[in-house]
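Given next are the chains, with one letter for each unit.
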Amino acid sequence: MIDPGGTLGIVGGGQLGRMIALAAARYGLATHVYSPEPDSPAFAVACRHTRKAYDDEAALIAFADAVDVITYEFENVPRRTAEILRQRKPLRPGVEALATTQDRFAEKSFVAGLGIATAPFRAVGGEADLADALAEIGRPAVLKTRRFGYDGKGQVMIRPETAAADAWRTLRGAPCILEGFVAFEREVSVVAARTAEGGFAAYDLCDNSHRDHILDVTRVPAGVSSDTEREAIAITERIAEALDYVGVLAVEMFVVRQGGEEAVVVNEIAPRVHNSGHWTIEGAVTSQFEQHVRAVCGWPLGSPERLGRIEMQNLIGHAADGWRELLARRDTHVHLYGKAEARPGRKMGHLTRVRPERG
Ligand code: AMP
C-alpha cells in the first residue's frame, strides 16, 4: 500500500515520533509530522511538519492529503481527529485501539472480557460511588482518572488511613476507576508488533523499574521463568488480535506470586511504540521503530531477536546535562532528543548498553 519513497504521516511530535521518523528514513520513506507544539522534537528529523491544533479540520485534511499512511505516537489523539484522518488515509493502529486504550475503564473491561487477569476494578463517577467501590475492593487501592493519566499523574493511592473524600478531591471530580492494589514482585512489559494479516512478533520480556512513577531502567532478560514469559507474550498476542491491531503495542504487566507460582496481571496497554522498547534500536535485529514502520506500511515484520544482555536507562531532567561524560563511556549508546529545556521529570534522552550473553 506504500513503498519506499512514499510518505508516512505521524501524529504527535515527541521523542517517539522522532524515533519513528528516523526509522522511516532508514527505509527510504519521507515523513510528515503533525503536532501543535512549537518545539516538537520530531520536527527536526521529519521532511515536513504541520504545526496546527488537533481540532483544526482544514489542517488535518491537508495533512492527510499529503501523506500515504498515518500513524500516531501517543494515545490521547482525540477521537474526532482520528475519525477525520481515517476517512482520508489508512490510520494505523485504528480508531478502535485508541478508543479502548484512552479510557482506563474501557481498557480494563476489554482485557478482563478476554479472560485475562487485571487488578479488581470499578468505575467511579462520584464521591458516593467511591465509598461503594472501596467497600467492594478494599484497601489499599489506587484511584486513577479514566483518561489522560501518565507517569503516575492522575492517580492517588488510598491507604487504610486515607480519607476517601480527600482522594476524590485530589483528582478534581474527574471520572475515575478504582483498582485494587496489586502487591507485585516486579513490573514487566511486552513490546510486540502485529501486521494487518495477523503476523505477530514479540521482543523478549522487559523488566522495568520506575523512579517517581517514571520509567528509569529497563533490563532484558527480565529474569522471570520461561513459562511466565511465554504467558505474557501469549496474552499480548490475544490482546493485539482482539483489537485487530496493526503496528507496535506494549502491554504493561505486574508479576505477582500466587501460591508460590509466578503469574502476570495486566495493568495497561500502550497503542504505540514504548519507552521500555528503546533498547531494541541497538539491542535487537529490528528495532521497535522499524517494526512499527514495517507493520503500518504493510511490509513484512523483521526479526525481534535480541543481540545481548540489555540495560536501558532514561535520562530524565538534568541527567542529560552530563552528555560529554556519557559520550565517553565506551560501552554505551547515547540518545538525546533535542529538547531545549530540562524540566524535572522530562525525558531528555536515554542510554543503552548491550553486553554479551553470559557463557
Ligand atoms: P499506570 O499509570 O497505571 O501505569 O500506573 C503507574 C504506576 O503506578 C505503575 O507502574 C505501578 O507502579 C503503580 N500502580 C498502578 N496501578 C497499580 C495497582 N493497581 N496496584 C499497584 N500498583 C499500581
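Conventions used here
- Residues numbered from 1 in each chain as written.
- Predicted model: local features only at pLDDT ≥ 70, side-chain atom pairs only at ≥ 80, totals over all residues.
- Heavy atoms only, no water.
- Phe/Tyr/Trp six-rings, centres within 6.5 Å; stacked < 30°, edge-to-face > 60°.
- Helix = DSSP H or I, 4+ residues; strand = E, 2+ residues; numbered from the N terminus.
- Near = heavy atom within 4 Å.
- Polar contact = N/O pair within 3.5 Å; in protein donor to acceptor, adjacent residues only side chain to side chain.
- Areas by Shrake-Rupley, 256 points an atom, 1.4 Å probe, with all protein chains shown as cover.
- Axes fitted to C-alpha atoms, helices over the stretch in contact; angles between N-to-C directions.
- Parallel < 35°, antiparallel > 145°, perpendicular 65-115°, else oblique.
- Contact = heavy atoms within 4.5 Å.
- Nonpolar A, V, L, I, M, F, W, Y, C, P; charged D, E, K, R; others polar.
- Buried < 20%, exposed > 50% of the residue type's maximum accessible area, 1.4 Å probe, protein only.
- Right-handed = clockwise from strand over helix to strand, strands pointing away.
- Pairing = 2+ DSSP bridges.
- Domains from an automatic or database assignment.
- Buried area = accessible area lost by both parts, 1.4 Å probe.

Our focus in this paragraph is the packing of aromatic side chains. According to the stated counting rule, one finds seven aromatic pairs in the structure shown. Each ring, one from Phe105 and one from Phe121, has its centre 5.8 Å from the other, and the planes form 70°; the classification is edge-to-face. Taken as a pair, Phe105 in helix H5 (residues 104-113) and Phe121 in strand E5 (residues 121-124) lie far apart in primary sequence, 16 residues in all. One aromatic cluster is present, formed by Tyr34, Tyr54, Phe63 and Phe74 through successive ring pairs.

What follows concerns the site of the ligand. Taken together, the neighbourhood of the ligand is formed by 16 residues, with Arg104, Lys144, Val182, Glu187 and Glu268 sitting nearest. Between Glu187 and the ligand, the recorded distance is 2.5 Å, taken from a side-chain N or O atom to an oxygen atom. With the chains in place, 92% of the 480 Å² that the ligand exposes on its own is no longer accessible. Of all the elements in the fold, those that place two or more residues in the shell around the ligand are strand E6 (141-145), strand E8 (176-180), strand E13 (247-258) and strand E14 (261-270).

So, about the packing of helix H3 (residues 79-86) against helix H4 (residues 95-102). Relative orientation of the contacting elements H3 and H4 amounts to 175°, with a least axis distance of 10 Å. Considering the angle they form, H3 stands roughly antiparallel to H4. Counted together, Arg79, Ala82, Glu83 and Arg86 of H3 and Val95, Leu98 and Ala99 of H4 form the full contact between these two elements. Its residues assigned to classes, the contact of H3 with H4 shows four nonpolar, no polar and three charged.

Tracing the sequence through the fold places His335 in strand E16 (residues 333-336). Accessibility expressed as a relative area gives 15% for His335, which makes it buried. Among the polar contacts listed, one links the side chain of His335 to the side chain of Glu282, at a separation of 2.7 Å.

Let us look at the pairing of strand E1 (residues 7-11). Counting buried residues in E1 gives five out of five residues, a clear majority hidden from the surface. Along E1, one buried face is formed by Thr7, Gly9 and Val11 and the opposite face, lined by Leu8 and Ile10, is buried too. A crossover links E1 with its parallel partner strand E2 (residues 30-34), the connecting element being helix H1 (residues 15-26), and its sense is right-handed. Examined bridge by bridge, E1 and strand E4 (residues 69-72) share four bridges and lie parallel to one another. Counterpart to Val11 in the pairing with E4 is Tyr72.

So, about the domain arrangement of the protein chain. Here the domain parsing of the protein chain yields domain 1 (7-91), domain 2 (120-180) and domain 3 (186-355). On a C-alpha basis, the centres of domain 1 and domain 3 stand 22 Å from each other. Listed per partner, the contact involves 18 residues of domain 1 and 20 residues of domain 3. In total, domain 1 and domain 3 occlude about 1800 Å² of area from one another, counting both sides; carbon and sulfur atoms represent 68% of this. On the domain 1 side of the contact with domain 3, Gln15, Met19 and Tyr27 bury the most area, a combined 33% of that side's loss.

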